[in-house]
Amino acid sequence: MKSIERELHCPVCEEMVKQPIVLPCMHSVCVLCAAEVLVQRGYPPPELPPEPNTPTSSPITRSPRQTRRPPPKTDRLDRVIRTVCGTHPGRRRKDSPPVIMLFPCPTCGKDVELGERGLADCLRNLTLERIVERYRHTVSLGSMAVMCQFCKPPQALEATKGCADCRSNFCNECFKLYHPWGTPRAQHEHILPTHSFRPKVLVCVEHEQERLQFYCRSCQRLLCPLCKLRRAHSGHKILPIALAYQTLKEKITKEMNYVFANQDSVQAQITQVESGIAQTEVHSTVAKEQSNQCVSELRSVLVERQGALAMLLEGARAKRAGALNAQLSEKQSLLENAGLLTYTQELLKETDQSCFVQAARVTHNRLVKAIEKLQHFSLSADPSFRHFQMDVSRELKVLSSMDFIQAPLAPVIDTQKTLAYDQLYLCWRLPQDSAPAWHYSVEYLRKVGSSGSNGTHCSWQRLDDVGGTSAVIDKLEMDSVYILRVRGCNKAGFGEHSEEVYLHTPPAPVLSFCLDSRWGLHAERVALGKGQTYARSVPGMTLLQAADRALTSCDLTSDLLVADVSITQGRHYWACSVEPGSYLVKVGVGVEAKLQEWFHLPQDMASPRYDPDSGHDSGAEDAQDCPPPFCFLTMGMGKVLLPKCGASNTSTGPLTAPLPPRLGLCLDFEKGRLTFYDAHSLRVLWEGTVDCSAPVCPAFCFIGGGALQLQELIANRSTEQNPPRRVTIQTRATDAGH
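Given the structure is predicted, the values throughout are model-derived calculations rather than measurements. (Residues numbered from 1 in each chain as written. Predicted model: local features only at pLDDT ≥ 70, side-chain atom pairs only at ≥ 80, totals over all residues. Heavy atoms only, no water.)

Novice: Could you give an account of the side chain of Ser 434, naming the residues involved and the relevant values?
Specialist: Looking at where Ser 434 falls in the secondary structure, it is placed in the loop between strand 13 (424–429) and strand 14 (439–448). Excluding residues that lie within four positions of it along the chain, Ser 434 makes contacts with Pro 408 and Leu 409. (Helix = DSSP H or I, 4+ residues; strand = E, 2+ residues; numbered from the N terminus. Contact = heavy atoms within 4.5 Å.)

Put into C-alpha cells, the structure is as follows:
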C-alpha cells in the first residue's frame, strides 16, 4: 500500500486527497482545492458541500459534553467560504446570465468546462476516498489516529467506530450512549473510524433522490433514470450500470494481468531507461566538450587573426611615419637658418662665372623642387587610417546565429518529375530553411489489395546513402501500387519523413522503340528530334492548298509515323505526351500493311468511312464482325475525343476529356484489345479492339500542326551512353506482288 501513495495525492495541494471530485476530464482533485482555484481566477463563489451532519449539530441530539468542548479551530474550508462571501456579494438569478466556469486541470493541462453549476455538477470520487481510507489504516501512523468526538478533551479516547448515518467517530462508551438498544439509532451502519465521511451511494447532482443506474458511453457520464430520458442522450449508447461495471472491470483486470505477466519486459524497459539516462549524461558531457573545443578553436583563430591584423597596422604605421618624417626634414631645410638657404647664400657670393655655373645647377634644381612643393603642399602619407577600419557585422551575425546542427526537415517530393514507367523515378528537394543533408534514405513498399482503406502493406524496403535528390527503383512488380517516402540525414541524425506518394506501375512490360522515318514522312512538314523520340509537324503549303478546296471537299493530307518495332505477341505498354497546342494528333496501333495502304492513298479524311476512330473502312459493311485493322484515339486543342462505345450510344456524340500530360497505351495482342490510360494515375480513358491476325505496330498521325514526345526509359537516364538498340523489324507485306 505504501507504493500507491503517489497516486493518492491531489495535483493542486500535493497532499492526500480530501473529498475528491471527478472533473469532466476524469481527473480528481480536492473539492476545497478546486474552490480555491476558481476563486483565484475571479469566478463567482462555487457551491461548496455543507459540513457533515453529526449528532452534535442538531439541538435534539446535542451532546451534554458539547458545552465543555473547546470551540473548533477555523479550518481551510471556513477561510475559503469567508473569503468568497466577503469578496462576492450575493445577487439575484435574473441579474446576469449564468457563468460557464473553466477549470484549469493541473493533470492534463487543459481548461475543462464545469457547466453552469460549477463544482456542483462534479460527482464525488467515493472509490478514491475508500482507497485513501484503506491506505491510512494500513500505514497506521500515530499522527493519523482518529479520536472520539464526544469524549471530554483531557480524557479523550481513540475512536473505535464510526457511524455512517451520524457521520461521527465514537469510542465504545460513547457509541453505546448515542446508539441505545431499541431505538432507530441502533440500526445505524457502523464503520471504521475516519476523518471524512462519504455518502453510501452516488446520487445524481441534479436529481438528489435518484441513484445513478446507467452509463452513457457516448458522453462517458453516469446517468440517473431521469437524466436518461433527456433529449441530449437520444441515440447514445446507454448501458445499465451493472453491465458497464462488469465490462470495465473485466477490461481493467485483463490489462492488469497483462502488465503483471510482462514484468520482465517492464524491468527490461526500466533498465533501458536507466541506461538512457546514463548515456544522456555521458553524451551531454562529450557534446559539451566538443562545443567548448569548437569555441576554443574559434577563439584561437580570432587571436591569430588579431595578431596578423596588428602586424599589418604596425607596418602601415611605420611606413607612413617614415614618409612624414622625411617630408618634415625637407620642409625644415627651407627655413631661414636652414642649411640649403645658407648654402645658396654662400653660393651667390661666388664671382667666378664658370665655377658658379658648375656648382649652381644642382642647387637650382633643388630650389625648383622645393618651390613646387611649397606651392602644392600635401602630406606625403594619410594619417587617418580610414582604410584599416573593419566591418564585422556579417561575422557577428554568423557568430550570433551559431547553433547546434539540426537534422534536415522533411523533403518535398516533386510530383511533376516523379513517375512510374519501366522503373520508379523519385525526385525531391529540401525546404529553403532546412539544414543540409549529407545523404538520403528512400523507403518504399508495395500495397497489396484494394486501393481503399482495406488494402494491406508489405514491409518497408530502403535505399540507403542516396547522394543526390533523385533515386531510381527497379525490380518492381507490374500493375501494383507502391508507396514512397524519403528523409534526409546529416551529423545530427535522420530527419522527418516526407509525405507519402503513391505510384502505380504499368499494367504490362514497357515497350521501348523509336519513330521510323523510312515511309510516311514528309520532310517539308514533319521533323524528328535527336534520338527519333520527338516529332513535330508544321503545316505548310499542302494544307494551304487543301484549304482552297474547303467548299467542295476536305482533302487534307496526313503525316504518318510508325514505330521501328512490330508486335507479334504478349502484352506491351508505352507512353507519350502530346503538346496541348497541337491541332489534330492520332495515337494508336494498326496493321502495318493497312496503315501504309490507307495513309498513303489520297482520301477524304472527313468521311466516316475513312475515320479510324469510327470503326468504318471501305469494307465495313461487308464484314461487320471483323475487328478494325487499326485503333486510334484523336487528340487536339487540349482535348481527347473519346469514340462511341457501341450502337447504344448512337444518339449521342462522342465525349471529350481534358488532355492528360502523358498518355499511356497497353496492347494485349492475344485478345486484340488496346487500352488508353492517363499515364500519371493509370486511369482508363477508353478501350478499343484491333485486328491482331498480323503484326501490328504503334503509329502516330499528324493532321495540321502538332508535336509529340515518346516517354524516355528511366533506365536510360542513369547511363551516360545508351546501350546499342536491338531492333526487330519484320518484313512489311505489301500488296504489290499480289
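Next comes the rest of the account.
Novice: So what about the pattern of salt bridges? Which residues, and what values?
Specialist: One side chain can pair with another of opposite charge once the charged atoms of both are near each other. Per the stated rule, a full pass over the model turns up 13 salt bridges. Note that Glu 129 is salt-bridged to Arg 124, the shortest N-O span being 2.4 Å. Each member of the pair, Glu 129 as well as Arg 124, carries the same accessibility label: buried. It is possible to trace a salt-bridge network through shared partners that takes in Glu 443, Arg 485, Arg 487 and Glu 500. (Salt bridge = Lys/Arg side-chain N within 4 Å of Asp/Glu carboxyl O. Buried < 20%, exposed > 50% of the residue type's maximum accessible area, 1.4 Å probe, protein only.)

Novice: Explain a nonpolar patch on the surface residue by residue, including any values.
Specialist: A contiguous nonpolar surface patch, about 600 Å² in accessible area, is contributed by Val 295, Leu 298, Met 390, Val 392, Leu 396, Leu 399 and Met 402. Listed by contribution, the elements that provide at least two residues to the nonpolar patch are helix 7 (263–332) and helix 10 (393–400). Mapped onto the elements of the fold, Leu 399 is located in helix 10. A relative accessible area of 38% means that Leu 399 is categorised as partly exposed. (Patch = residues over 30% accessible without salt bridge, like charges linked within 9 Å, V, L, I, M, F, W, Y side chains within 5 Å. Areas by Shrake-Rupley, 256 points an atom, 1.4 Å probe, with all protein chains shown as cover.)

Novice: Could you give me a rundown of the pairing of strand 30 (residues 663–668), with the residues and numbers involved?
Specialist: In terms of burial, strand 30 is largely enclosed, as six of its six residues are buried. Across the two faces of strand 30 the burial is the same, with Leu 663, Leu 665 and Leu 667 and Gly 664, Cys 666 and Asp 668 all buried. Two strands pair when backbone bridges link them, and strand 25 (residues 571–578) and strand 30 are joined in this way by six bridges, in the antiparallel orientation. Residue pairing across strands places Tyr 573 opposite Cys 666, the latter belonging to strand 30. Note: strand 30 against strand 31 (residues 673–678), six bridges, orientation antiparallel. (Pairing = 2+ DSSP bridges.)

Novice: Please set out the sheet that holds strand 9 (residues 221–223) residue by residue, giving values where relevant.
Specialist: If you trace the three strands from one edge of the open sheet to the other, you get 9-8-10, paired in antiparallel fashion. Two strands bound the open sheet, and with one partner strand each, they are strand 9 and strand 10 (238–240). Pairs of neighbouring strands in the sheet enclose a mean axial angle of 30°, with direction left out of account. By the bridge criterion, three bridges tie strand 8 (residues 214–216) to strand 9 in an arrangement that is antiparallel. What sits directly across from Tyr 215, in strand 9, is Leu 222. Packed onto the sheet, helix 6 (residues 241–261) meets strand 8, strand 9 and strand 10 and runs at close to 90° relative to strand 10. (Axes fitted to C-alpha atoms, helices over the stretch in contact; angles between N-to-C directions.)

Novice: Which residues make up the pairing of strand 27 (residues 630–636), and what values do they have?
Specialist: Among the seven residues that make up strand 27, seven are buried, leaving the element largely enclosed by the rest of the structure. Summarising the sheet, strand 26 (residues 584–591) and strand 27 pair through six bridges and their orientation is antiparallel. In the sheet register, Lys 586 faces strand 27, and the bridge partner there is Thr 634. Of the strand pairs in this sheet, strand 27 and strand 28 (residues 639–642) are connected by three bridges, and their pairing is antiparallel. The partner of Thr 634 across the bridge, within strand 28, is Leu 641. Adjacent in sequence and paired antiparallel, strand 27 and strand 28 are bridged by two residues, among which Met 637 carries a positive phi angle near 55°.

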